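The residues making up each chain are set out below.
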Amino acid sequence: MIFLKTEDEIELMRAANQLVAATLTEIAKKIQPGVTTLQLDHLAEEFIRDHGAIPTFKGFPNPYGGPFPASICASVNEEVVHGIPNDRPLENGDIVSVDCGALLNGFNGDSCYTFCVGEVKDEVKQLLRVTKESLYLGIQSAITGKRIGDIGFAVQEHCESHGYGVVKEFVGHGIGKEMHEDPAVPNYGRRGNGPLIKNGLCIAIEPMITMGSPQIGMMPDRWTVKTTDGKCAAHFEHTIAIHHGKADILSSFEEIEKIEGKLY
Ligand code: MG
Ligand code: MG
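Residues numbered from 1 in each chain as written. Chains lettered and ligands numbered in written order. Predicted model: local features only at pLDDT ≥ 70, side-chain atom pairs only at ≥ 80, totals over all residues. Heavy atoms only, no water.

J.: Could you clarify how one ought to interpret the coordination of the magnesium ion (ligand 1) in this entry?
T.: For a metal with four donors in a tetrahedral arrangement, the ideal angle between donors is 109.5 degrees, while six donors in an octahedron ideally sit at 90 or 180 degrees. Protein coordination at the magnesium ion (ligand 1): the donors are D99 (OD), D99 (OD), D110 (OD) and E237 (OE), at 2.0 to 2.6 Å from the metal. Between the magnesium ion (ligand 1) and the magnesium ion (ligand 2) the interatomic distance comes to 3.1 Å, and D110 is a ligand of both metals. Here E237 lies in the loop between β13 (233–235) and β14 (238–243) and D99 lies in strand β4 (residues 95–104), a separation of 138 residues in the sequence. An identical accessibility class is assigned to D99 and E237; each is buried. (Donors = N, O, S within 2.8 Å, 3.2 Å for Na, K, Ca; no water. Helix = DSSP H or I, 4+ residues; strand = E, 2+ residues; numbered from the N terminus. Buried < 20%, exposed > 50% of the residue type's maximum accessible area, 1.4 Å probe, protein only.)

J.: Teacher, can you tell me more about the pairing of β4 here?
T.: Side-chain direction in a regular strand flips from residue to residue, so the side chains alternate between the two faces of the sheet. Summarising burial for β4: nine of the 10 residues are buried, a large majority. Across two bridges, the pairing between strand β1 (residues 54–55) and β4 is antiparallel. By the bridge assignment, P55 is partnered in β4 with A102. With five bridges connecting them, strand β2 (residues 72–76) and β4 associate as antiparallel partners. Residue pairing in the sheet places C73 in a bridge with D99 of β4. Pairing between β4 and strand β5 (residues 107–116): 10 bridges, direction antiparallel. Paired with V96 across the strands is F115, a residue of β5. (Pairing = 2+ DSSP bridges.)

J.: Even after reading the chapter, I still don't get the nonpolar core, so can you show me in this structure?
T.: A general trend in soluble globular proteins is that nonpolar side chains are found buried together. V96 and F115 are the most contacted members of the largest nonpolar core, which totals 56 residues. Every residue in contact with F115, bar those within four places of it in the chain, is listed here: L24, I27, A28, I31, D94, I95, V96, V98, I256 and E260. The next biggest cluster of nonpolar side chains, apart from the first, holds 13 residues, and it includes C73, I175, W223 and L250. (Core = buried A, V, L, I, M, F, W, Y, C linked by side-chain atoms within 4.5 Å. Contact = heavy atoms within 4.5 Å.)

J.: I keep staring at the packing of helix α3 (residues 122–140) against helix α4 (residues 148–161) and nothing clicks. Help me out?
T.: Two packed helices can be described by the angle between their axes and the distance between those axes. At a closest axis distance of 8 Å, the pairing of α3 and α4 adopts a crossing angle of 155 degrees. By the angle class used here, α3 and α4 are roughly antiparallel. α4 is crossed by α3, and the crossing has right-handed handedness. Residues V130, E133, S134, L137 and G138 of α3 touch α4, and the partners they reach there are I151, A154, V155, H158 and C159. The class makeup of the residues in the contact of α3 with α4 is six nonpolar, three polar and one charged. (Axes fitted to C-alpha atoms, helices over the stretch in contact; angles between N-to-C directions. Parallel < 35°, antiparallel > 145°, perpendicular 65-115°, else oblique. Left-handed = near helix turned anticlockwise from the far one by under 90°. Nonpolar A, V, L, I, M, F, W, Y, C, P; charged D, E, K, R; others polar.)

J.: Any chance you could explain the coordination of the magnesium ion (ligand 2) here in plain terms?
T.: Protein coordination at the magnesium ion (ligand 2) comes from D110 (OD), H173 (NE2), E206 (OE) and E237 (OE), with a distance range of 2.1 to 2.2 Å. We note that the donor set of the magnesium ion (ligand 2) lies within a single chain, spaced as D-x62-H-x32-E-x30-E.

J.: Just checking my understanding: could you explain the pattern of salt bridges for this structure?
T.: Charged atoms that come close allow side chains of opposite charge to pair. What the rule picks out here adds up to 12 salt bridges. The closest approach of N and O atoms between E45 and R49, which form a salt bridge, is 2.9 Å. Of this pair, E45 and R49 both sit in helix α2 (residues 37–50), four residues apart, roughly one helical turn. Given the relative accessible area of 43%, R49 is considered partly exposed. The closest approach of N and O atoms between E257 and K132, which form a salt bridge, is 2.4 Å. You can see E257 sitting in helix α5 (residues 254–260) and its partner K132 sitting in helix α3, a full 125 residues away along the chain. (Salt bridge = Lys/Arg side-chain N within 4 Å of Asp/Glu carboxyl O.)

J.: Quick question: what am I supposed to make of the side chain of H243 here?
T.: Mapped onto the elements, H243 comes out in strand β14. Setting aside its immediate chain neighbours within four residues, H243 contacts E7, I10, E11, R14, N199 and D248.

J.: For this particular structure, what's the right way to read the packing of aromatic side chains?
T.: Each aromatic ring pair is specified by the distance between its two centres and by the angle formed by the two planes. Scanning all chains against the criterion turns up six aromatic pairs. Here Y113 and F115 contribute two aromatic rings whose centre-to-centre distance is 4.9 Å and whose plane-to-plane angle is 50 degrees, an arrangement assigned as tilted. The burial state of Y113 is the same as that of F115; both residues are buried. Geometrically, the ring pair formed by Y113 and F253 is edge-to-face, given 4.9 Å between the ring centres and 80 degrees between the ring planes. With Y113 in strand β5 and F253 in the loop between β15 (246–249) and α5, this residue pair connects regions lying 140 residues apart in the sequence. (Phe/Tyr/Trp six-rings, centres within 6.5 Å; stacked < 30°, edge-to-face > 60°.)

In structure tokens:
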């Protein structure tokens, strides 16, 4: 069942998502070779709790194994999603997708950004650029009267036109009082298909895009998902609300991009 949000609820969603954006900004300030994803996780958890919120990912149940042990997902290079923070130092040339969620005043924020660590190869930077572009193309398609399939179509068309793979096993989602609500928001689709987009709809759009084959595998920790060909994957996510007929982006990359400068 899809829960459409009122104006007041959209503002609560905005506050939660702005906290997630601020958390990712704190992470952006720290990312460099030698830093571990466990250090980034501790920073995120403290920042979220200091702002009166709960890190939603911590303890998130897994039907196939133990609950998620950390406050961020940190997926490095060929890891696509749900990487568990660890004590391996990030290296020059790595990329790391940091996915973060927070529950503030009863509503959830959810956003992800793929960061460069030091100097990253141009071909990898292009993967990040195209994935981020596809996110915004998906967002542009999220207008009243269109359907969820229009979002996925826009993401898929852009990424596949660059020869990249679209991961199909994991998708975006409705979001609100629960982190994952209806509808599912795939990164692939057909125009005019799927649930109708209406005012008050709140969704997370999150393309997970691979440099090579979209085939993925689950690691023995039952969380970490990797590409099977070992090539890099990128993941960018915004939470949006449909407001006055079009997408209102509740999360933000603005401060992160100021820190990153013009990387790609
Ligand atoms: Mg997320
Ligand atoms: Mg999400």
